[in-house]
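# Descriptive structure summary
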Amino acid sequence: MNALNKKTIEDIDVKGKRVLARCDFNVPLKDGVITNDKRIVAALPTIKYLMENGAKVILCSHLGRPKGEYKPEFSLAPVAKKLSEYLGVDVKLAEDAEVVGENAKKLASELKDGEVMLLENVRYRAEETKNEENFSKELASLADIFVNDAFGTAHRAHCSTTGVAAYLPAVCGYLIQKEIEFMGGALANPKRPLVAILGGAKVSDKIGVISNLIDKCDTIIIGGGMAYTFMKYLGHSIGTSLLEADWIEKAGEMMADAEAKGVKFLIPIDNKVGKEYDENTESMVVNSDEIPDGWMGLDIGPASQELFVNAIKGAGTVIWNGPMGVSEWKNFEAGTVAVANAVAESGAISIIGGGDSVAAVTKLGFADKMSHISTGGGASLEFLEGKELPGIAALQDK
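Heads up: these notes are all about the structure in this document. Bear in mind the structure is a predicted one, so any value in this text is a computation, not a measurement. (Residues numbered from 1 in each chain as written. Predicted model: local features only at pLDDT ≥ 70, side-chain atom pairs only at ≥ 80, totals over all residues. Heavy atoms only, no water.)

### Structural notes on the packing of aromatic side chains
Scanning the entire structure with this criterion turns up six aromatic pairs. The rings of Tyr277, Trp329 and Phe332 are connected pair by pair, giving a single aromatic cluster. One residue, lysine 272, lies across the ring of phenylalanine 332, its end atom 5.2 Å from the ring centre. (Phe/Tyr/Trp six-rings, centres within 6.5 Å; stacked < 30°, edge-to-face > 60°. Lys NZ or Arg CZ within 6 Å of the ring centre and 35° of its normal.)

Structure, rendered in structure tokens:
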């Protein structure tokens, strides 16, 4: 998939047109109050561009998992309120349990150039996640142009991400454009050396990513819980550390594959181990081939930190997905902090892909030092695996 040649909102004329824009407003709520509005803020550049260029803007998104029926606690009403504050205009919510109902049709037909409205949660409709034609057609009937700016759901073929693109000219917004430029660019034409840092709990989650990156990287660094499956392959005793026994052989194959292709493949040489899975457990640092029975690895040790930091120095591009240990615990965050610091100081184009590593980088205060923090968890992983994302494939080529 050459995602780099997709049309964006700047490639079409939106003036006077009704534009259906799929955003990712899947924000965390507590008692009806938004506790983190980062996703709303991230969508503003695209919405503002459409407003300033005279589009009649119809926004849509999912929120949580209402499982195909109307549930008031999954309403986008708090999002409409927050958008109104940020945009300085009244963003009306079309309060239809069926999403495209009388209110939505009336509001859409009365929109003036530069005005904005919001549809209710697209997942109120069971058809949405099944990508059924009837709901795609209903959504499309409201608009002249479709803009997808929800990277976080781009790996899902749903009515509001791909289905509607069959009936309207479809382009991407700034968020998806940025994701494609950074992640697509890093894979297609990276500034070298390209270093990939992969952490997190499970090898099985990252198999596709590692396999795809071995063909593209100069160095691969493995940390986190998944590193112990590689150590086990090397014949080390790993105590009670996390192990995916079914993947030991595959781990060995990947190390051999990397070696055959001249790719440096680094796994931890020492570990901070704990007596039990607890933040305040008794802990000590041991070499990777000396983890005692009854102890579990919870972070990379100081020698591994030094090894990894030296591998990151001088990188041209860094792709990082997953922490080096249980980074949410103060006693076991040192490995992730060391890596985050090295990436921030490296001067490389740094791409933080999805999920736990984003949370770690943000919590540890390194977010503004990274070139690009991906907005999609599962979507980022599938993109890094080299899979075609339906929500991007459905867009028009330039």
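Still to come is the rest of the account.
### Some points on unusual backbone geometry
Each neighbour pair has its own omega, and for arginine 192 with proline 193 the value is -5°, a cis peptide bond. Relative to the helices and strands, proline 193 resides in the loop between helix 6 (174–188) and strand 9 (194–198). A positive phi angle, near 70°, is found at valine 99, a position not held by glycine. Its location among the elements puts valine 99 in the loop between strand 5 (92–94) and helix 3 (102–110). For valine 99, a relative accessible area of 0% corresponds to the buried category. (Helix = DSSP H or I, 4+ residues; strand = E, 2+ residues; numbered from the N terminus. Buried < 20%, exposed > 50% of the residue type's maximum accessible area, 1.4 Å probe, protein only.)

### A closer look at the nonpolar core
Judged by nonpolar contacts, the single largest core of 71 residues is most densely connected at Leu119, Ile222 and Phe230. A total of six residues in this core trace back to one element, the largest contributor, which is helix 7 (residues 203–214). If near-sequence neighbours (up to four positions away) are discounted, phenylalanine 230 is found in contact with Val203, Ile210, Ile222, Ala251, Met254, Met255, Phe265 and Ile267. (Core = buried A, V, L, I, M, F, W, Y, C linked by side-chain atoms within 4.5 Å. Contact = heavy atoms within 4.5 Å.)

### Some remarks on the layout of surface pockets
If you add up the space inside the largest pocket, you get close to 1100 Å³. Surrounding the largest pocket, 47 residues form its lining, Asp24, Arg39, Gly152, Thr375 and Gly376 being those nearest its centre. Mapped onto the lining of the largest pocket, the elements with two or more residues apiece are helix 1 (38–52), helix 6, helix 12 (355–363), strand 17 (372–373) and helix 13 (377–384). The dominant element in the lining of the largest pocket, judged by the number of residues it contributes, is helix 1, at five residues. Partitioned by chemical class, the residues of the lining of the largest pocket number 15 nonpolar, 20 polar and twelve charged. For the second largest pocket, the lining is made up of 32 residues, of which Gly200, Ala201, Lys202, Pro323 and Asp356 are closest to its centre. (1 Å grid on protein atoms, 1.4 Å probe; cavity = no way out; pocket = protein on both sides within 12 Å on 5 of 7 lines; lining within 4 Å. Points joined across faces, edges and corners; volume = space filled by probe spheres on them. Nonpolar A, V, L, I, M, F, W, Y, C, P; charged D, E, K, R; others polar.)

### Brief notes about the sheet that holds strand 8 (residues 170–172)
Ordered by their spatial adjacency, six strands build an open sheet running 5-6-4-1-7-8, and the pairing between neighbours is parallel. Of all the strands in the sheet, just strand 5 and strand 8 have a single pairing partner and so form its edges. Within this sheet the neighbouring strands show an average axis-to-axis angle of 30°, counted without direction. Where strand 1 (residues 18–22) and strand 7 (residues 145–148) come together, four bridges link them in parallel fashion. Opposite alanine 21, over in strand 7, you have valine 147 as the bridge partner. Its contacts with the sheet place helix 1 against strand 1, strand 4 (56–60), strand 6 (116–119) and strand 7, and it is angled at close to 155° to strand 4. (Pairing = 2+ DSSP bridges. Axes fitted to C-alpha atoms, helices over the stretch in contact; angles between N-to-C directions.)

### Thoughts on helix 3
Where helix 3 is concerned, the buried positions are Ala104, Leu107 and Ala108. With its buried residues spanning 100° around the axis, helix 3 presents them on a single face. Opposite the buried face of helix 3, by more than 90 degrees, sit the exposed residues Glu102 and Ser109. Considering only its buried residues, helix 3 is in contact with strand 1, strand 4, strand 5 and strand 6. (Arc of directions from axis to C-beta.)

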